[in-house]
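Here's the letter readout for the chains.
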Amino acid sequence: MFTGIVETTAEIVEIVAEGTNLTFRLSADLASELKVDQSVSHNGVCLTVTSIDGSTYTVTAVDETLKKTNLGQWKVGKKVNVERCMPANGRFDGHIVQGHVDQTGVCSHIAEVGGSWLFDFTYDAAVGNITVEKGSICVNGVSLTVFNSHDDGFRVTIIPYTYEHTNFHQLKVGDIVNLEFDILGKYMQKILARR
């Protein structure tokens, strides 16, 4: 389980196709602290560390993951948001994040306002996911609060610290992002749909 509080960014240094899978080698300052078999969130996608070599480590994404996330569009040099699983005795600073992306969305607007940034995202509402005003959303692994919620989109505010310490500073209009909707909202929606 994760919280959506990004620890650092990792840079993709190599991508290797293995059948329908892609193996990514990443460089990160926390690589030496990782362990093989450890689950780590990469842009909100839970992936298993398969090897570690100095300041780099590898993870593999299977075809299903590549189809449902933005990982298939990753390129060498891209920075991704990284978070290790929450320790059992850790603080719960974000919200409950499983590392299971529900669907992708598209960045539709970016504006700098008063030293922070407003990001608008749209998504296919036909999939059945929803946002609620002041609810939680995970965008590329970052725990955020929704506002301007509507049927197929929402807005978030990114403070300068988050902008600089995540890959939000690399996002452009038209970019595809990974979305994990609030787990409590998903359960409530499922319960209400059965009535």
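That block above? That's the structure.
The text that follows walks through the structure, step by step, so that each part is easy to find.

Thoughts on the overall build of the chain
Broken down by element type, the chain carries 3 helices and 13 strands. For the chain, the C-alpha radius of gyration of 16 Å lies close to 16 Å, the compact-globule estimate for 195 residues. For the C-alpha atoms alone, the extent of the chain along its principal axes is close to 50 × 45 × 35 Å. Out of the 195 residues belonging to the chain, those deemed buried represent 42%. At a minimum sequence separation of 6, the contacts of the chain that also span at least 24 residues come to 67%. Here the chain has roughly 10,000 Å² of accessible surface; of this, 51% comes from carbon and sulfur atoms. Across the chain, the centroid of the 16 positively charged side chains sits 4 Å from that of the 23 negatively charged ones.

What to know about unusual backbone geometry
Unusually for a residue other than glycine, Asp37 sits at a positive phi of about 85°. Among the secondary structure elements, Asp37 is positioned in the loop between β2 (21-27) and β3 (39-42). Take Asp37: its relative accessible area is 63%, and that puts it in the exposed class. Its identity as a non-glycine residue notwithstanding, Lys134 has a phi of 70°, on the positive side. When you line up the elements, Lys134 lands in the loop between β8 (116-123) and β9 (136-139).

Some details on the side chain of Thr69
Looking at the secondary structure, you find Thr69 in the loop between α1 (63-68) and β6 (79-84). One polar contact links the side chain of Thr69 to the main-chain amide nitrogen of Leu71, over a distance of 3.2 Å. Dropping the residues within four chain positions of it, Thr69 is found in contact with Val45, Val101, Thr104 and Asn178.

Observations concerning the sheet that holds strand β5 (residues 56-61)
Spatially, the 6 strands close up into a barrel ordered β1-β2-β5-β4-β3-β6, and their pairing is antiparallel. On average, each strand axis in the sheet is tilted by 45° relative to the strand beside it, whichever way the strands run.

Things to note about the nonpolar core
With 22 residues, the main nonpolar core has Phe24, Leu26, Tyr57 and Leu71 as its most contacted residues. Beyond its immediate chain neighbours, meaning those up to four positions away, Phe24 contacts Ile12, Glu14, Ile15, Tyr57, Thr58, Val59, Ala61, Leu71 and Trp74. Counting residues in hydrophobic clusters, the runner-up holds 20 residues, among them Phe119, Tyr123, Val142 and Phe168.

Regarding the side chain of Thr3
Mapping Thr3 onto the fold places it in the segment before β1 (8-18). Of the polar contacts made by the side chain of Thr3, one reaches the backbone nitrogen of Ile5; its length is 3.4 Å. In this structure, Thr3 is in contact with Glu83, Met86, Phe92, Gly94, His95, Val97 and Ser143, ignoring residues within four places of it in sequence.

Points about the sheet that holds strand β10 (residues 142-145)
Taking strand neighbours across the sheet as the criterion, the 7 strands line up as β10-β9-β13-β7-β8-β12-β11 in an open arrangement whose pairing is antiparallel. A strand with exactly one partner marks an edge of an open sheet, and here the two such strands are β10 and β11 (147-150). Between one strand and the next, the sheet's axes are offset by a mean angle of 35°, whatever the strand orientation. Two elements, β9 and strand β13 (residues 176-181), share 3 bridges in a ladder whose sense is antiparallel. What sits directly across from Cys138, in β13, is Glu180.

Rules behind the numbers
- Residues numbered from 1 in each chain as written.
- Predicted model: local features only at pLDDT ≥ 70, side-chain atom pairs only at ≥ 80, totals over all residues.
- Heavy atoms only, no water.
- Helix = DSSP H or I, 4+ residues; strand = E, 2+ residues; numbered from the N terminus.
- Rg over C-alpha atoms; globule rule 2.2 N^0.38 Å.
- Buried < 20%, exposed > 50% of the residue type's maximum accessible area, 1.4 Å probe, protein only.
- Contact = heavy atoms within 4.5 Å.
- Areas by Shrake-Rupley, 256 points an atom, 1.4 Å probe, with all protein chains shown as cover.
- Lys, Arg positive; Asp, Glu negative; His and termini not counted.
- Charge placed at Lys NZ, Arg CZ, Asp CG, Glu CD.
- Polar contact = N/O pair within 3.5 Å; in protein donor to acceptor, adjacent residues only side chain to side chain.
- Pairing = 2+ DSSP bridges.
- Axes fitted to C-alpha atoms, helices over the stretch in contact; angles between N-to-C directions.
- Core = buried A, V, L, I, M, F, W, Y, C linked by side-chain atoms within 4.5 Å.

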